[in-house]
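So you can see what is in the structure, the chains are spelled out below.
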Amino acid sequence: MRISKRLQKELLALQNDPPPGMTLNEKSVQNTITQWIVDMEGASGTLYEGEKFQLLFKFSSRYPFDSPQVMFTGESIPVHPHVYSNGHICLSILTEDWSPALSVQSVCLSIISMLSSCKEKRRPPDNSFYVRTCNKNPKKTKWWYHDDTC
């Protein structure tokens, strides 16, 4: 019951006051509240201006104590040093730095910030190996957070 109440509250917040360039894909929540798609547009004045992306959020029954699974999905995956070509995102708040005080909106803002601060479009150096060998669930990856810059 608790997960539904928290997710319902966050769903309303995302619908009523979405972060800049983000919109909840309403079709994605018609049948389930535990999987959302958020449509995203690259911020103006950044390398991603005018580009469109989709973020997939999956929530376990332990949310908000367990972080959501978040990844880029669809045809367009941003080329970024912390985004793998399969959509997996290397961002500490999605795993070890997650806190129940965080929300879908704060995750969206972190991803917008990560993309907006990028200075060069390129894939992570280990992209090919990672994509071939990783688990489908990015939360099962043991990330090594060593780079705070793009």
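Up top is the structure.
This report concerns the structure included in the present document. (Residues numbered from 1 in each chain as written. Predicted model: local features only at pLDDT ≥ 70, side-chain atom pairs only at ≥ 80, totals over all residues. Heavy atoms only, no water.)

With respect to helix α2 (residues 104-116)
Over its 13 residues, α2 runs 18 Å from end to end, which matches the ideal 18 Å to within 8%, given 1.5 Å per residue. Those residues of α2 that fall on the buried side of the exposure criterion are Val104, Val107, Cys108, Ile111, Ile112, Met114 and Leu115. End-on view of α2: buried residues confined to an arc of 160°, all on one side of the axis. (Helix = DSSP H or I, 4+ residues; strand = E, 2+ residues; numbered from the N terminus. Expected span 1.5 Å × (residues − 1). Buried < 20%, exposed > 50% of the residue type's maximum accessible area, 1.4 Å probe, protein only. Arc of directions from axis to C-beta.)

With respect to the packing of aromatic side chains
Taken as a whole, this structure holds seven aromatic pairs when the rule is applied. Aromatic pair Phe53 and Phe72: ring centres 5.9 Å apart, planes at 75°, arrangement edge-to-face. On the criterion of sequence distance, the pair formed by Phe53 in strand β3 (residues 52-58) and Phe72 in strand β4 (residues 69-73) is long-range, its members being 19 residues apart. Phe72 matches Phe53 in its accessibility class, with the two residues each being buried. Where Tyr84 meets Tyr130, the ring centres are 4.3 Å apart and the plane angle is 40°; that geometry is what we call tilted. Residue Tyr84 is found in the loop between β4 and α2, and its partner Tyr130 is found in helix α3 (residues 127-133); the two are separated by 46 residues along the sequence. (Phe/Tyr/Trp six-rings, centres within 6.5 Å; stacked < 30°, edge-to-face > 60°.)

A closer look at the environment of Pro100
Its location among the elements puts Pro100 in the loop between β4 and α2. Residue Pro100 is classed as partly exposed on the basis of its relative accessible area, which comes to 35%. In this structure the C-alpha to C-alpha distance between Pro100 and Ser67, which are 33 residues apart in sequence, comes to 7.7 Å. Other than its neighbours up to four places away in sequence, Pro100 contacts Arg6, Pro64 and Phe65. (Contact = heavy atoms within 4.5 Å.)

What about the nonpolar core?
Within the largest apolar cluster, 32 residues are counted, with the highest numbers of intra-cluster contacts made by Trp36, Met40, Leu55, Phe57, Phe72, Ile89 and Ile111. Listing elements by their share of this core, those giving two or more residues are α1 (2-16), β1 (22-24), β2 (35-41), β3, β4 and α2. When residues in this core are grouped by element, the largest group, seven residues, is from α2. (Core = buried A, V, L, I, M, F, W, Y, C linked by side-chain atoms within 4.5 Å.)

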